[in-house]
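Now for the letters of each chain:
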Amino acid sequence: MLLVLACVAAVVVAVSGAAKPLSGLHFFSSGHWVYNDSAQTAYHVDGASRSIDAEVPLPGKADPGSVVVQGDRSGYVVGKERVVEFGKSDLQVTGRHPSPSREEAFTLETNGGPYGVYRQAGTIVRYSDPNPDPINVGGPLGDPVATSNGTVWLHRIEDGRLCRLAKDTRFTSCPITLPEGTKGMLTVVADRAVFVNTSTDSLHLLDPNGLGDGVPMGVDLPEDVRVAPRDVEGRVAVLDKREKRLLLIDAKPLTQSRMPEEPRSVPLTDADYDGPASTGNAVAVVNRQDNTVETYGPDGSPIAKRKLNGKPTERTLRTGEDGRVYADDKRGDNVLVVDHNGEVEDVDVIGDDGDGDAEEGKDTKRKVDKPRKRERDRADRRDRRDRVPQQREQERRPPQATDESVNSTQQEPPPVQLNRPKPDPKPDPKPDPKPATPPGAPRSVSAEAGNKSAEVSWSPPRSNGGAAVTGYRITWSGGSKNVSGSTTSTRITGLTNGRRYVFTVAARNSSGQGTGASSNAVTPKTVPTVDVTSAEQTGDGQVTLTVRVDGGGDPNVTCSVTWGSNSREMACNGSSSGTATRQLVIDNVRNGTYTFYARGKNSAGQGPRGQGATVEVSTPEIVLSKGRPADKYCTEYPDCAWMHLELSGFEPGSMVHVEPHSTNPDYSNVGADLIIGADGTYSTDRFAYAGTGETVYVTAILPDGSEVESNRIVW
């Protein structure tokens with residue numbers, strides 16, 4: 001265990017200026033701050049190395065039970081009575097102001113923050129504002145969430161309004177009103193705000209224009225469930241205390257065109273649980289009864305279960321800016337770190353001996369010696385901080401005499417000095433430098449999918465462990481890659497389109513390889529290709545196409561089929577990997593010879609036109625039009641003319657019976673028998689007609705008894 005012992009004497013030293021602050025502490029934004037009541041000190045926990053690497057003494061300045069949040073330049077110790085601000089570069093208190101509400105703040109560390117949300121008062125405070133006045137949201141609030149662009153979403157629970165506060169603004173807008181009586185809570189999926197509707201058991205994306213369509217969760221949730229503030233690889237983690245279970249609900253259909261999978265259910269013991277909280281790759285819950293932290297993967301499989309020493313204490317799960325989850329106890333004595341992969345380690349803030357009362361009859365020697373040990377530990381940290389600037393000062397000095405007893409502040413002496421004053425005694429030698437340790441985890445690891453590839457990028461770790469980073473190792477399911485220490489991005493090739501990948505990046509130095517940090521999950525893909533391998537007439541005016549679809553890693557493919565000047569859009573979904581064969585049916589195709597082509601489109605874009613297939617469509621068809629005047633039959637009537645018939649697609653040499661029809665109930669004609677030509681066509685002027693304003697058409701009875709009807713025209 002890593003111990004940091006502090007006492008009142010050490011606090012006084014730090015405040016009086018005798019202790020030199022660690023320069024450039026803006027490097028410590030990664031990790032988590034915790035306030036320890038007994039030491040009256042805020043400690044910084046480096047989540048990568050699981051160690052305490054900075055502290056801010058606050059004697060008499062902060063409220064007991066305060067929480068600490070951080071922004072880019074300052075940290076804020078937030079209590080019910082007051083908020084204390086300190087600089088992260090000099091570790092000095094820079095301001096104090098009263099808390100805007102006596103209730104416990106729900107704190108958020110995010111871009112543009114940090115924030116404190118006072119849920120009963122219905123207000124939100126941006127602590128980094130020069131004048132951090134509360135912003136009135138308009139009523140009691142549920143638990144808020146934030147996205148990476150700095151937007152905070154808030155649920156006004158009394159009137160069902162969903163409100164947003166954009167980065168650097170001081171006014172909220174409430175663009176979404178839930179249906180009356182709707183219950184639920186907020187979360188974030190794929191960096192998009194989502195409303196978990198427990199009234200309809202559905203998930204909805206939020207945006208400034210309103211509530212998105214619901215995706216069914218596949219489970220009946222009670223209204224009092226707890227939801228993690230961010231997803232676990234596309235699943236929403238839900239703690240259902242009534243049913244004693246942890247649910248992992250598929251939320252990927254919110255951003256992908258597919259049906260949701262069944263929710264994963266993890267049974268829990270009959271105990272008091274808190275949480276859940278997500279690292280993005282794992283979910284954590286606290287069993288307060290057993291004093292344990294349990295973590296699970298996105299598929300519900302257990303990862304770690306860590307039991308803490310001592311009596312069970314109330315613990316709160318908080319997510320740091322580095323994406324790790326931190327479980328703080330109420331007094332700030334111990335912090336439990338949940339890494340990105342779900343592994344759990346504990347960090348003692350004040351040591352195993354704690355600050356509680358000694359049990360009767362027990363040896364209290366450790367408690368008596370504790371202030372002395374705290375002072376030694378604090379002095380050791382000060383000494384290490386001072387050593388680097390002292391060494392740099394020595395390097396800038398001109399060459400000195402070889403006599404080591406010469407005071408370092410004197411000028412170089414002449415070769416002979418008979419009456420030289422007695423030199424000052426040599427200072428105590430500095431302790432040997434602390435050995436290097438493996439570097440911390442790289443920051444901001446991200447991946448972007450390509451065609452059978454992915455671009456992985458990261459930022460260097462905040463702590464190099466005391467030695468230069470010499471390289472990085474990138475690992476994924478099915479492979480690994482090593483790059484130099486100056487590299488912060490690399491392209492991974494040879495991946496399989498349609499397969500999901502998560503990349504883990506770890507830094508290494510002369511001491512070894514450090515903890516890895518994982519990227520977002522990506523699925524390589526490219527635009528689809530669709531080939532028409534065959535085309536066949538399968539009915540009157542109907543053509544069936546056989547197509548070979550390569551979805552490029554995305555099974556959701558839409559095909560644009562073209563023939564002649566015609567086109568048709570239809571689904572031709574492929575396989576998530578490899579190719580698939582599909583049949584597409586095209587109706588209402590006119591007679592003629594056509595070559596059918598297809599182009600596919602998926603989430604990566606539209607692909608090229610593939611190979612085509614040709615088919616001759618021959619369907620019995622009659623085209624009726626008004627022919628030449630019928631001079632010999634009905635000249636006494638206006639518009640007396642022949643019906644002009646064009647027959648095509650009939651069986652060559654067959655005899656068909658053609659009969660005219662009119663909407664005039666008094667019209668009748670027995671029709672005529674026609675012998676179809678060798679090419680399946682027949683053209684003629686038949687059936688004189690003079691019924692102006694009436695609708696006429698003809699029918700043909702084929703040898704098999706089936707009937708073909710022509711188009712209809714108004715005479």
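First, a word on what this report is: a plain description of the structure on this page. Everything numeric here is computed off the predicted structure, so don't read it as measured data.

Looking only at helices and strands, the protein chain features two helices and 56 strands. Counting only residues that meet the buried cut, the protein chain has 46% of its 715 residues in that class. Restricting to contacts in the protein chain with at least 6 residues of sequence separation, those with at least 24 account for 52%. Accessible surface for the protein chain amounts to roughly 35,000 Å². Of this, 46% is attributable to carbon and sulfur atoms.

Strand order in this open sheet of four strands is β4-β5-β6-β7, and the pairing throughout is antiparallel. Where the open sheet ends on each side, the last strands, each with one partner, are β4 (67-70) and β7 (93-98). Ignoring which end each strand starts from, the neighbouring axes of this sheet average 20 degrees apart. Where β4 lies against strand β5 (residues 74-78), four bridges are found, and the strand directions are antiparallel. Paired with Val67 across the strands is Val78, a residue of β5.

Moving on, we get to the sheet that holds strand β9 (residues 115-118). Judged by pairing direction, the sheet is antiparallel, and its four strands sit side by side in the order β8-β9-β10-β11 without closing on themselves. On the outer flanks of this sheet lie β8 (106-108) and β11 (135-136), each paired with one strand and no other. Two strands pair when backbone bridges link them, and strand β10 (residues 123-126) and β11 are joined in this way by two bridges, in the antiparallel orientation. Following the sheet pairing, Thr123 is matched in β11 by Asn136.

A word on the pattern of salt bridges. Enumeration over the complete set of coordinates arrives at 26 salt bridges. A salt bridge links Arg226 to Asp274; the shortest N-O distance between them is 3.6 Å. With Arg226 in strand β21 (residues 226-227) and Asp274 in strand β25 (residues 273-278), this residue pair connects regions lying 48 residues apart in the sequence. Owing to a relative accessible area of 33%, Arg226 belongs among the partly exposed residues under this scheme. The closest approach of N and O atoms between Lys626 and Asp639, which form a salt bridge, is 3.6 Å. In this pair, Lys626 is assigned in strand β49 (residues 621-629) and Asp639 in the loop between β49 and β50 (641-648), connecting sequence segments 13 residues apart. Take Asp639: its relative accessible area is 39%, and that puts it in the partly exposed class. Linked through salt bridges whose partners overlap, the residues forming this network are Arg50, Arg324 and Asp339.

Taken as a whole and judged by the stated rule, the model has nine aromatic pairs. When the centroid spacing of 5.9 Å and the interplanar angle of 25 degrees are considered together, the rings of Tyr76 and Tyr127 count as stacked. In this pair, Tyr76 is assigned in strand β5 and Tyr127 in the loop between β10 and β11, connecting sequence segments 51 residues apart. Each member of the pair Tyr76 and Tyr127 is classed as buried.

Before going further, it helps to examine the state of the cysteines. Evaluated as defined, the whole model comprises two disulfides. With its sulfur 2.0 Å from that of its partner, Cys163 forms a disulfide with Cys174. Between Cys163 and Cys174, the S-S torsion sits near 95 degrees, and that sign places the bridge as right-handed. Of this pair, Cys163 sits in strand β14 (residues 161-165) while Cys174 is found in strand β15 (residues 173-177), placing the two residues eleven residues apart along the sequence. Here Cys559 is linked by a disulfide to Cys572, with a sulfur-sulfur distance of 1.8 Å. Classification of the bridge connecting Cys559 and Cys572 rests on its S-S torsion, roughly 85 degrees, and on that basis the disulfide is right-handed. Taken together, the residues Cys559 in strand β43 (residues 558-563) and Cys572 in the loop between β44 (566-571) and β45 (579-586) connect sequence positions 13 residues apart. In this pair, the class of Cys559 matches that of Cys572, namely buried.

Conventions used here
- Residues numbered from 1 in each chain as written.
- Predicted model: local features only at pLDDT ≥ 70, side-chain atom pairs only at ≥ 80, totals over all residues.
- Heavy atoms only, no water.
- Helix = DSSP H or I, 4+ residues; strand = E, 2+ residues; numbered from the N terminus.
- Buried < 20%, exposed > 50% of the residue type's maximum accessible area, 1.4 Å probe, protein only.
- Contact = heavy atoms within 4.5 Å.
- Areas by Shrake-Rupley, 256 points an atom, 1.4 Å probe, with all protein chains shown as cover.
- Pairing = 2+ DSSP bridges.
- Axes fitted to C-alpha atoms, helices over the stretch in contact; angles between N-to-C directions.
- Salt bridge = Lys/Arg side-chain N within 4 Å of Asp/Glu carboxyl O.
- Phe/Tyr/Trp six-rings, centres within 6.5 Å; stacked < 30°, edge-to-face > 60°.
- Disulfide = S-S within 2.5 Å.

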